[in-house]
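Coordinate analysis (summary)
Here are the chains, one letter per residue:
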Amino acid sequence: METREIFDAAPRAVAEFLSETGQGLYIPPYQRAYSWEPAKVKRLIADVSHGLEQTTEFEDSICFLGTVIALRDLQYTTVEPIDRPMVPPKVMTIIDGQQRLTTLLLLTTVLHEEISVRARRLPKNGGEARDWCYNQAIDVTSRLTDTFEEDMRYGEGDFRYYPRMVRSYHDVWSRHADRAKYDSPIGYYLHQYGRYARDGESTKDYKHVPFTEGEAADANAQAHRGLEAIRTLLRRTLRNAVSTSRNAREDETEILSAGAIGESSKLQEALFNSPFPASVVEAANDDERIGSLLRLILFANYLLNRVTVAVVTAKREDYGFDMFEALNTTGQPLTAIETFKPKAIQNEGLSSWNGSESYNYFDTVEKYLDRSSSADQRQTATSNILIPFALMHDGTRLSKRLSEQRRYLRTAFDKEADQAGRRTFLHSLAEVTRFVSEPWVTPGSLPEHGDDELRLQAELCLQVLREAKHEIVIAPLTRYFAAHQLSTGEEIDKRAHEYLTAVRAVGAFFALWRGAFGGDPRHRQHLPQTHGVRSPDQRCQVRALRSGIDHCAACRRHAEVPAPATPKRRNCREKPVGGKSNGHARLLKLSAPDQAAAPCRLQ
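To keep things clear, this report deals only with the structure shown in the data block. These figures come from a predicted structure and were not determined experimentally.

A few words on the overall build of the chain. Within the chain, the secondary structure is distributed over 23 helices and 10 strands. Sequence-distant contacts, at least 24 apart, represent 72% of the contacts inside the chain between residues at least 6 apart. If you sum the accessible surface of the chain, you get close to 27,800 Å²; carbon and sulfur atoms cover 47% of it.

Next comes the structure, spelled out in structure tokens:
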């Protein structure tokens, strides 16, 4: 297979990409909600305005907006829910770039509104300049329309026209009114604005119907409000940019003035292939209505024809994510958990997802990740649960590479024989998350137990293990944690005792082994090749850990060279056990095999 069969890349103008006949842009469920900051929106308009101004000197001026990575989904495998006979012929599933594309679609609709309304408000007998501007407005608004909706040639009323971009699980493309659904913020807005745009005689501004009063009453309220706020910001910014009566601040964008447009034959030739009539240049300077309309028409033409994106089309999602990680320098890469979510939803079925056990398990994981305030922290938090989960699930040594984590989750999940097995998979993932977010972070949250001394010893052990960043123990301890969490009645105290004893044994094992050799490979030998938290019989047994401690004790008794006070660090993720930590010293004393009076010695 040749490289070009795996992916291809090409620069595409906004009009060329968004208006491609038969193409629908699809946002998969793992993509985050639209959330571009106002500063980025203003920067976008400023960049386009600067590019337009540069055209007065350089006729080949372009504005580059970055890279879009997409999967050309020929089999509609990413489209869910689906009215299959009604799907657009070309579905492009967006892996990276949906925030920019959504903003561009909002911008083309706002330009369409501003140009259409201003052109219709011109006096009908305004002479040559008026007629020329009016015709140019019809031309550019027609091309703007093609960017935000696709005419499917037939259908029931407004459902003949498809929103150019929709989101999975919230939207369904269909020509039939009873099957089509547009409940996502972008799908709902484009469908609503399309209705307004097709009223060719209206001179009124578009008034967005809040989704709570329309078809999308059950959709995410915050995401809808955020998109509407950005649309309002775009309209206000464009209006200020062409107003001659405003008091502009230094940080506000101004679109090239009518005078500068009239003086630049290079600009006119570059965007219109011919110079403007003299009457148009004169009217643009004398009549603010003509001047502001002309400025918006030029801005729209430059946006459609000279603003470009590099479109990278992958044959498979895996390739798309790999390219995203390689190319991405400023974006926020999606975690393995986020890209895995569609698999979990498919296992339950979309209609059953919200009330399912799997939903509750996944919600536990997502709430833990949502505590992270940055993309880097989110990636770290994901690794903190996936690495021990893989070790617990099937003994896989997972790295921190995103591509490896994504492939592991999908492959391991697909290996489960049935729906019940896949639910257990998610249950295990949730239990690891609970352990990492609760007792591992706060050792004081260990369960209450009648043996106060045992609980205090376990708390000390867990604290030292965490301070040493000895994460390999998370896998075996999660099994005891889960067994206690799931226990009821008389079993609770028994499981609590096993859980605390396991924590103490692992802590002692860690101290003895590190004291003797400075390594940790024997832990892995005691990880059974079983799946998750299926039954207590499959859990790592305390006696196995005790045998490990006995082995370590024997090694230390017969070692020719005593263990150094401060062992050399073998693992950069673990802190040395030595005299600098009172907790480590106490743990070593607690676990010492030659001190018969030690209160923590395991029998």
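Once that is clear, we can look at the packing of helix H14 (residues 357-369) against helix H15 (residues 375-394). With their axes 9 Å apart at the nearest point, H14 and H15 run at an angle of 135° to one another. Here H14 is positioned oblique relative to H15, judged by the angle of their axes. Across the interface between the two elements, Val365, Tyr368 and Leu369 from H14 touch Arg378, Ala381, Thr382, Asn384 and Ile385 from H15. Counted by class, the contact of H14 with H15 contains five nonpolar, two polar and one charged residues.

Here the focus is H14. In this model, H14 (13 residues) spans 19 Å end to end at C-alpha, consistent with the 18 Å of a helix rising 1.5 Å per residue. Of the surrounding elements, those touching the buried residues of H14 are helix H13 (336-348), H15 and helix H17 (419-437).

Now for the packing of aromatic side chains. Under the definition given, this model contains 21 aromatic pairs. Geometrically, the ring pair formed by tryptophan 353 and phenylalanine 362 is edge-to-face, given 6.2 Å between the ring centres and 70° between the ring planes. A relative accessible area of 6% means that tryptophan 353 is categorised as buried. Assessed through its relative accessible area of 1%, phenylalanine 362 is described here as buried.

What follows is about unusual backbone geometry. Note the cis peptide between glutamate 80 and proline 81, where omega equals -5°. With respect to the element layout, proline 81 can be found in the loop between strand E3 (63-72) and strand E4 (90-96). Of note in the backbone geometry, tyrosine 76 takes a positive phi value of approximately 60° without being a glycine. The residue tyrosine 76 is located in the loop between E3 and E4 in this model. Non-glycine residue arginine 153 carries a positive phi angle of around 80°.

We now examine the nonpolar core. In this structure, Leu52, Leu101, Leu111, Ile115 and Leu298 are the most contacted members of the largest nonpolar core, which totals 77 residues. With 11 residues, the top contributor of residues to this core is helix H11 (residues 288-306). Here leucine 101 is in contact with Phe17, Leu18, Leu25, Val68, Ile94 and Met165, once residues within four sequence places are set aside. Among the nonpolar cores identified, the runner-up in size contains 55 residues, and Ala381, Leu391, Val464 and Tyr480 belong to it.

By the element assignment, arginine 378 lies in helix H15. Judged by relative accessible area, which is 15%, arginine 378 ranks as buried. Not counting chain neighbours up to four residues away, the residues in contact with arginine 378 comprise Arg32, Thr335, Glu338, Leu369, Asp370 and Ser372.

Turning to the environment of histidine 208, a few remarks are in order. The residue histidine 208 is located in the loop between helix H6 (185-197) and helix H7 (221-242) in this model. With a relative accessible area of 15%, histidine 208 lands in the buried category. For the pair formed by histidine 208 and glutamate 228, sequence separation is 20 residues and the distance between their alpha carbons is 8.0 Å. Here histidine 208 is in contact with Tyr188, Tyr189 and Glu228, once residues within four sequence places are set aside. A distance of 2.7 Å separates polar atoms of two side chains, one belonging to histidine 208 and the other to tyrosine 206.

Another point: the sheet that holds strand E7 (residues 165-167). Strand order in the open sheet made by the six strands is E1-E10-E3-E4-E2-E7, with mixed pairing throughout. Looking at the sheet topology across the chains shown, the edges are occupied by strand E1 (7-13) and E7. Sheet twist, expressed as the average angle between the axes of neighbouring strands with direction ignored, equals 35°. Both E1 and strand E10 (residues 307-314) contribute to a ladder of seven bridges, which runs antiparallel. Within E10, the position partnered with alanine 13 by the bridge is threonine 308. Of the strands in this sheet, strand E2 (23-27), E3, E4 and E7 are in contact with helix H4 (residues 98-120), which crosses E3 at around 115°. Where H11 meets the sheet, its contacts fall on E1, E3 and E10, and the angle it forms with E10 comes to roughly 30°.

Analysis parameters
Residues numbered from 1 in each chain as written. Predicted model: local features only at pLDDT ≥ 70, side-chain atom pairs only at ≥ 80, totals over all residues. Heavy atoms only, no water. Helix = DSSP H or I, 4+ residues; strand = E, 2+ residues; numbered from the N terminus. Contact = heavy atoms within 4.5 Å. Areas by Shrake-Rupley, 256 points an atom, 1.4 Å probe, with all protein chains shown as cover. Axes fitted to C-alpha atoms, helices over the stretch in contact; angles between N-to-C directions. Parallel < 35°, antiparallel > 145°, perpendicular 65-115°, else oblique. Nonpolar A, V, L, I, M, F, W, Y, C, P; charged D, E, K, R; others polar. Expected span 1.5 Å × (residues − 1). Phe/Tyr/Trp six-rings, centres within 6.5 Å; stacked < 30°, edge-to-face > 60°. Buried < 20%, exposed > 50% of the residue type's maximum accessible area, 1.4 Å probe, protein only. Core = buried A, V, L, I, M, F, W, Y, C linked by side-chain atoms within 4.5 Å. Polar contact = N/O pair within 3.5 Å; in protein donor to acceptor, adjacent residues only side chain to side chain. Pairing = 2+ DSSP bridges.

Bear in mind that shape data such as this cannot, by itself, settle questions of function.
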